[in-house]
Amino acid sequence: QVQLVESGGGLVQPGGSLRLSCAASGSIFSIYAMGWYRQAPGKQRELVATSTRGGSTNYADSVKGRFTISRDNAKSTIYLQMNSLQPVDTAVYYCNADIQRTAVSGLSNYWGPGTQVTVSS
């Protein structure tokens, strides 16, 4: 069994910062792409940022220059540093990962339960 658990969400004022973490645990052989997605009320889930195992990153245009994704492969953890937060960033943030559970298995995609980020004065 594999679990992704996010942490670090909360309430922050406009212009503030938050750092999200997502740790993968369980029966894991290797983790490939990991990323963050978000879903605001009444909207579809959208990509925020992704990171390959080798460290290549990709960002949504709306967060470029404000958010930074990083990962610690030894800890099976990814982070999302969010700066200059605005009310439009309010959403549930989800962690996502492509995980190989054994040496001979293929990749399976997993989601965390999500963590709420609210930007409001």
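The sheet built from four strands is open, its strands ordered β1-β3-β8-β7 with antiparallel pairing. What marks the edges here is a single partner per strand, and that holds for β1 (2-7) and β7 (67-72). Across the sheet, the axes of successive neighbouring strands diverge by a mean angle of 15°, strand direction being ignored. Note: strand β3 (residues 18-26) against strand β8 (residues 77-82), six bridges, orientation antiparallel. Within the sheet, the bridge partner assigned to A23 lies in β8 and is T77.

Moving on: unusual backbone geometry. The phi angle at S76 is positive, at roughly 50°, despite the residue not being glycine. With respect to the helices and strands, S76 occurs in the loop between β7 and β8. A positive phi angle is found at S84, which is not glycine, with a value near 50°. Here S84 falls in the partly exposed class, since its relative accessible area comes to 39%.

Calculation criteria
Residues numbered from 1 in each chain as written. Predicted model: local features only at pLDDT ≥ 70, side-chain atom pairs only at ≥ 80, totals over all residues. Heavy atoms only, no water. Pairing = 2+ DSSP bridges. Helix = DSSP H or I, 4+ residues; strand = E, 2+ residues; numbered from the N terminus. Axes fitted to C-alpha atoms, helices over the stretch in contact; angles between N-to-C directions. Buried < 20%, exposed > 50% of the residue type's maximum accessible area, 1.4 Å probe, protein only.

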